[in-house]
Amino acid sequence: MNEFEAGRPVVLRGGTVLPMSPRGSRRVLPRTDVLVTGDRIAAVGPELAAPEDAVVIDASGGLVMPGMIDTHRHMWQTALRGYGADWTLTQYFVWFYLEHGKLFRPEDIHAGNTLAAIEALDAGVTTVVDWSHGLRTVDHADAAADALESVPGRYVLAYGNIQQPPAEWTAAPEFRDFVRRRVTGGDMLGFQIAFDVLGDPSFPERPAFEVARELGAAVTTHAGVWGATSDDGIRLMHEHGFMTPETIYVHAASLSADSYHRIAATGGSISVSTESEQSAGQGYPPTWAVRAHGIPVSLSMDTSVWWSGDLFSAMRATLGADRSREHLEAHAKGETVTHCGLRADQVVEWATRGGARALGRDDLGVVEPGAKADLVLVKNEHSPVSFPILNPFGHVAFQAQRGDVHTVIVNGRVVKHEHRLLGVDLAAARARVERTVEHLRSTMGDEAWEKGMNPDIPSAKVLDNPYTYTDYRSDATHRL
Ligand SMILES: [Zn+2]
């Protein structure tokens, strides 16, 4: 019998628990147990009595936190992990939107999604919004959903198709049929509609918003992306009454205060992908500005074509970018920041409860009785970075990394234990991804493949220097 057979109670003993509740609190519970029965957290407290058949996991010396939630990840692109490390957003658009995105077959979407889903679980990301904009046929969409259902995490399929205007693909009968067949209201696979609003004054996206409204699906949209989406898109959505509390604005990195006011007033949230915004050029990672408007934030990593699929990196990058901007703004005024505005516990909240809120899920992102049992134990006895843990939130945000994820529980089921995934066929996932890479590479041809990965470097000149080079060190030595 599998020690971690589904349905068996689990008790995490003696960890330091970060309950992330009540909202905004820095509460930490030392030497605390967490009892899981069924798909829920049954109790949180010291030395809990547990059912006789409960699996006991020693959490001492570790941190127990809610499973992390990523609200925007193009999972299909994980088959090309790291390929675009040196891209700008323009190069990404050309590669995926214009030139090669069409080469992805349903099995390639399946391969990317499967690997991305496994990768998320391994890193303690228990819920992912699959911002799936490569669904150019419903066969692709079925493949995406099949892959998500094959890996025991929690997902939201955000259905999108970059090869057609949103008004077209959302009106297609086969799309309606897909929704009827696959969107069952189940707890493990949610549904959103994903498209961008380009700012055309005639608002051609209107029918797609109407479909989303009729289906009761939230819209997620790349907003405030330099050169692609702007304040005009936000204004059009607002004027036509399509900004709702469920709407997720991804990036929102190059928007005016007016757009932030509209988002704040309509209750939506912003998904910040700091690693992405820093490299690709959507705009400066916006948390430093968004915080001033009181808009809820969640974190995301965008795509493994460039970045890391774990939210430790996202938390770290977000703290760094926010503080960097705060210092820079102060220095421009001749001032000095003496107290950081953004704290470590805040980014941990964004990575957990913030994501849950964005998805309208009060039962996720917290460690408290009655909540869904999506849990992460951060503990690594073999790591010199695992102690001392003096500041648990600071430890999660700046010290911990994916290799420190010891145990992951999703919906009451242990999916990773002692740093090993359980019941996941990594070899099969690898074989699928290898076939996808081979298909793309052979269809594109070696030259295009290499050129796509290695964009030209703009010429840069070393500046003229008014000082003449002098080797001070050898001069000094000579004098001695
Ligand atoms: Zn994106």
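Criteria and thresholds
Residues numbered from 1 in each chain as written. Predicted model: local features only at pLDDT ≥ 70, side-chain atom pairs only at ≥ 80, totals over all residues. Heavy atoms only, no water. Donors = N, O, S within 2.8 Å, 3.2 Å for Na, K, Ca; no water. Tetrahedral: all angles 85-135°; square planar, octahedral: opposite > 155°, others 65-115°. Salt bridge = Lys/Arg side-chain N within 4 Å of Asp/Glu carboxyl O. Helix = DSSP H or I, 4+ residues; strand = E, 2+ residues; numbered from the N terminus. Buried < 20%, exposed > 50% of the residue type's maximum accessible area, 1.4 Å probe, protein only. Pairing = 2+ DSSP bridges. Axes fitted to C-alpha atoms, helices over the stretch in contact; angles between N-to-C directions. Domains from an automatic or database assignment. Contact = heavy atoms within 4.5 Å. Buried area = accessible area lost by both parts, 1.4 Å probe. Parallel < 35°, antiparallel > 145°, perpendicular 65-115°, else oblique. Left-handed = near helix turned anticlockwise from the far one by under 90°. Nonpolar A, V, L, I, M, F, W, Y, C, P; charged D, E, K, R; others polar.

Novice: Whenever I open this one, the coordination of the zinc ion confuses me. Can you help?
Specialist: Four donors placed tetrahedrally about a metal ideally form angles of 109.5 degrees, and six donors placed octahedrally ideally form angles of 90 or 180 degrees. In this structure, His-72 (NE2), His-74 (NE2), His-222 (NE2) and Asp-302 (OD) serve as the protein donors to the zinc ion, at separations of 2.0 to 2.6 Å. If you look at the zinc ion, its four donor atoms make angles of 81 to 173° with each other, and the shape they trace is irregular. Between consecutive donor residues of the zinc ion, the sequence gaps follow H-x1-H-x147-H-x79-D.

Novice: Where do I start with the pattern of salt bridges in this structure?
Specialist: When their charged atoms lie close together, side chains carrying opposite charge are able to pair. The final tally for this structure, using the stated rule, is 36 salt bridges. Asp-122 is the partner of Lys-416 in a salt bridge, and the nearest nitrogen-oxygen pair spans 3.0 Å. In this pair, Lys-416 is assigned in strand E16 (residues 413–417) and Asp-122 in helix H2 (residues 106–122), connecting sequence segments 294 residues apart. When its relative accessible area of 2% is taken as the criterion, Lys-416 is described as buried. Of the residues examined, Asp-122 reaches a relative accessible area of 22% and is grouped as partly exposed. A salt bridge links Glu-329 to Arg-325; the shortest N-O distance between them is 2.7 Å. Within this pair, Glu-329 and its partner Arg-325 are both found in helix H11 (residues 311–332), separated by four residues, close to a single helical turn. A relative accessible area of 32% places Glu-329 in the partly exposed class.

Novice: Is there a simple way to think about the sheet that holds strand E7 (residues 125–132) in this case?
Specialist: Hydrogen bonds along the backbone pair up the strands of a sheet, which may run parallel or antiparallel. Judged by pairing direction, the sheet is parallel, and its eight strands sit side by side in the order E6-E7-E8-E9-E10-E11-E12-E13 without closing on themselves. Every other strand in the sheet has two partners, leaving strand E6 (68–73) and strand E13 (297–299) as the edge strands with one partner each. For this sheet, the mean angle separating the axes of adjacent strands, direction not counted, is 25°. Both strand E11 (residues 248–251) and strand E12 (residues 269–272) contribute to a ladder of three bridges, which runs parallel. Note on E12: the bridge partner recorded for Ile-248 is Ser-269.

Novice: So what exactly am I meant to see when it comes to the domain arrangement of the chain here?
Specialist: When the parts of a complex come together, some accessible area is lost, and that lost area is often taken as the interface size. Parsing the chain into structural domains produces domain 1 (10–65 + 371–421) and domain 2 (68–359). Once you take the C-alpha centre of each, domain 1 and domain 2 turn out to be 28 Å apart. Listed by partner, the interface residues are 29 residues for domain 1 and 30 residues for domain 2. Roughly 2,600 Å² of surface becomes buried between domain 1 and domain 2 when both sides are summed, with 60% attributable to carbon and sulfur atoms. On the domain 1 side of the contact with domain 2, Met-20, Arg-23 and Arg-402 bury the most area, a combined 27% of that side's loss. Taken together, the links from domain 1 to domain 2 amount to seven salt bridges.

Novice: What is the right way to read the packing of helix H5 (residues 173–182) against helix H6 (residues 206–215) from this model?
Specialist: In a pair of packed helices, the angle between the axes and the distance between the axes together describe the arrangement. Here H5 crosses H6 at 25°, and the two axes come no closer than 13 Å. By the angle class used here, H5 and H6 are roughly parallel. Here H5 and H6 pass one another in a crossing that is right-handed. Contact residues: H5 offers Phe-175, Arg-176 and Val-179, while H6 offers Val-211, Glu-214 and Leu-215. Within the contact of H5 with H6, the residues separate by chemical class into four nonpolar, no polar and two charged.

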